[in-house]
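Observations on the model geometry
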Amino acid sequence: MRGLMLSWAYPPVVVGGPGRHVHALARRLAGAGHDVVVLCRQPDGTDASTHPNVDTVVGGVRIVRVAEDPPHLEFARDLVPWTLAMGHAMVRAGWQLLREWRPDVVHAHDWLVAHPAIALAGAADVPLVATVHATEAGRHGGWLTDVLNQQVHSVEWWLANSADEVITCSAAMRSEVATLFDLDREAITVLHNGIEPRRWRVPDADVTAARSAYAPDGAPLLLYFGRLEWEKGVQDLIAGLRAIRDSHPGTRLVVAGQGRMAGPLLAQARKLRVRRAVHFAGHLPDAELAAVLTAADAVVLPSRYEPFGMVALEAAAAGTPLVASTAGGLGEVVLDGRTGLSVEPGDRDALVDAVRRVLDDPVAAASRAAAARARLATDFDWTRIAAGTAAVYANARRRPPATLGRPKIATGNAFGAL
């Protein structure tokens, strides 16, 4: 089949898990013989003079990467106009593409590409598939009180209701999407994210070096990696670190990632007098991250909201014991007591107890980590996920265009019905 994927993140432009998801999925579909084109963007802060449009083939995937337009728009400051401008650039490039190549299906990844995806699917008169990786309501605990929250939610609703097929990465997300966007739950396909375990295997020397850098005295080493946002729950881990250090003296925590919570988390660590025990590493290159990941005694993922939880798979690939909340997809990725230890989101006491269990019994923790790694070859294999995606493409049928009104915005918590 011929598939046109639209994504606002694609390596080397990676923002969280969706960019890696699209990259792996596109390569596996191409490897299975499908004709895949990815329409994506150049890095933030560039323009056509420094980073013009490019049309290349990498790993069997044709990548059409569009330049940013001249206006001074920034993602962090001007989210909606920036998104519209990116969409306009994608439409222009997509229109040129359709003159010489026609897809069988258009596949949109998240709301940021809703405008160009809907437009290009209509121009090509082919089915539109949408993968919803997360929701605005979910990221904000169900509250849509800010104008920007409502705008993003509206675009998500529009994309989901315009799509001929909808995919989510977990059963929890399927329920969330069905409720938020007024969809039939049974009509939504669940396809987990996958992982390539070999990518997370590193030489012993690199692991030793990482251990020496972050825990030179042999003390326990904990790791959180991912975006630094409120919904990721890092504040709960830092809040419990003092208690962990009381029972396991010298315990160190590495926080690897970037985000809006970087400053508040640093301030929290100072206030709780654990600043010297927390290393805020920022963004780590993949090789360095893999080394720290393998060196850690436990990866801790205390998410308040998590559509799937790619980092849990990465921890499993590295063979590192895992403590995670049951938020969203993490409750499906981590099987409590079998492939890791699970706690309720926001339960700081339970989080501390789970970390202590890992540190107190490294043999049991290693056994759970081995079970988590073994599960990757079955439930989270990219070849199977790509085959499932191709099946969605084959079954997709374009519906007659529907006239959609504006969605209702919940005045209370949007998750009240869940």
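Structural data are supplied above this passage.
The structure reproduced in this document is the subject of the present report. Values in this document were obtained by computation on a predicted structure and should not be read as measured data.

We now examine the sheet that holds strand β14 (residues 341-343). Ordered by their spatial adjacency, six strands build an open sheet running β11-β10-β9-β12-β13-β14, and the pairing between neighbours is parallel. One side of each edge strand has no neighbouring strand; the edge strands of this open sheet are β11 (278-282) and β14. Averaged over all pairs of adjacent strands, the angle between strand axes in this sheet comes to 20 degrees, irrespective of strand direction. Helix α11 (residues 310-318) contacts β9 (221-225), β12 (298-301) and β13 (322-325) of the sheet and is inclined by roughly 175 degrees relative to β12.

Applying the stated rule across the entire model yields two aromatic pairs. Look at tryptophan 8 and phenylalanine 75: their rings are 5.3 Å apart centre to centre, the planes differ by 20 degrees, and that puts the pair in the stacked class. Here tryptophan 8, found in the loop between β1 (2-6) and α1 (17-31), pairs with phenylalanine 75, found in the loop between β4 (61-66) and α2 (79-98); they are 67 residues apart in sequence, far enough to count as distant. Between the aromatic rings of phenylalanine 75 and tryptophan 82, the centroid separation amounts to 5.1 Å while the plane-to-plane angle is 75 degrees, which identifies the pairing as edge-to-face. In this structure phenylalanine 75 comes out as partly exposed when scored by relative accessible area, which is 29%. Residue class for tryptophan 82 comes out buried when judged on its relative accessible area of 3%. Ring pairs connect the aromatic residues Trp8, Phe75 and Trp82, which therefore count as one cluster.

Quick look at the pattern of salt bridges now. Following the criterion strictly, the structure yields 23 salt bridges and no others. One salt bridge connects aspartate 44 with arginine 41, and the closest N-O pair in it is separated by 2.6 Å. Taking relative accessible area as the criterion, arginine 41 reaches 3% and is therefore assigned buried. The closest approach of N and O atoms between arginine 139 and glutamate 156, which form a salt bridge, is 3.1 Å. Taken together, the positions of arginine 139 in helix α4 (residues 136-139) and glutamate 156 in helix α5 (residues 147-162) put the pair 17 residues apart, joining distant regions of the chain. Among the residues examined, glutamate 156 registers a relative accessible area of 5% and is labelled buried.

The next point concerns the pairing of strand β5 (residues 105-109). When a strand is regular, its side chains alternate between the sheet's two faces. A large share of β5 lies buried, amounting to five of its five residues. What you see with β5 is no split at all: Val105, His107 and His109 on one side and Val106 and Ala108 on the other are buried throughout.

A separate point is unusual backbone geometry. Of the consecutive residues proline 11 and proline 12, the connecting peptide bond is found in the cis state with omega at 10 degrees. Mapped onto the elements, proline 12 comes out in the loop between β1 and α1. Positioned with a positive phi, aspartate 110 is a non-glycine residue whose angle comes to about 80 degrees. Tracing the backbone through its elements, the reader meets aspartate 110 in the loop between β5 and α3 (114-124).

On inspection of all chains with the given rule, the structure shows five cavities of 30 Å³ or more. Computed from the structure, the largest cavity encloses a volume of approximately 120 Å³. As for the largest cavity, its lining consists of Arg41, Val66, Ala67, Glu68, Asp69, Pro71, Leu73, Trp82, Ala85, Met86 and Ala89. Looking at which element gives the most residues to the lining of the largest cavity, the answer is α2, with four residues. The calculated volume of the second largest cavity comes to roughly 80 Å³. Forming the boundary of the second largest cavity are Ala312, Leu313, Ala316, Thr320, Leu322, Val333, Val334, Thr339, Ala372, Arg375, Leu376 and Phe380. Looking at the lining of the second largest cavity, the elements that each hand over two or more residues are α11 and α14 (362-379). Its residues assigned to classes, the lining of the second largest cavity shows nine nonpolar, two polar and one charged.

What follows covers the environment of isoleucine 385. Its place among the elements puts isoleucine 385 in helix α15 (residues 382-395). For isoleucine 385 and asparagine 193, which are 192 residues apart along the polypeptide, the C-alpha to C-alpha distance reads 7.4 Å. Contacts of isoleucine 385, omitting those with residues within four sequence positions, involve Leu25, Leu191, His192, Asn193, Gly194 and Phe380.

Let us now look at the pairing of strand β7 (residues 165-168). What you see with β7 is no split at all: Glu165 and Ile167 on one side and Val166 and Thr168 on the other are buried throughout. As paired strands, strand β6 (residues 128-132) and β7 are joined by four bridges and run parallel to one another. Looking at the pairing, valine 132 lines up with threonine 168 of β7. By the bridge criterion, three bridges tie β7 to strand β8 (residues 188-190) in an arrangement that is parallel. Its bridge partner being in β8, valine 166 is matched across the sheet by isoleucine 188. Of the crossover connections in this fold, the one passing from β7 over helix α6 (residues 171-181) to the parallel β8 is right-handed.

Definitions and limits used
Residues numbered from 1 in each chain as written. Predicted model: local features only at pLDDT ≥ 70, side-chain atom pairs only at ≥ 80, totals over all residues. Heavy atoms only, no water. Pairing = 2+ DSSP bridges. Helix = DSSP H or I, 4+ residues; strand = E, 2+ residues; numbered from the N terminus. Axes fitted to C-alpha atoms, helices over the stretch in contact; angles between N-to-C directions. Contact = heavy atoms within 4.5 Å. Phe/Tyr/Trp six-rings, centres within 6.5 Å; stacked < 30°, edge-to-face > 60°. Buried < 20%, exposed > 50% of the residue type's maximum accessible area, 1.4 Å probe, protein only. Salt bridge = Lys/Arg side-chain N within 4 Å of Asp/Glu carboxyl O. 1 Å grid on protein atoms, 1.4 Å probe; cavity = no way out; pocket = protein on both sides within 12 Å on 5 of 7 lines; lining within 4 Å. Points joined across faces, edges and corners; volume = space filled by probe spheres on them. Nonpolar A, V, L, I, M, F, W, Y, C, P; charged D, E, K, R; others polar. Right-handed = clockwise from strand over helix to strand, strands pointing away.

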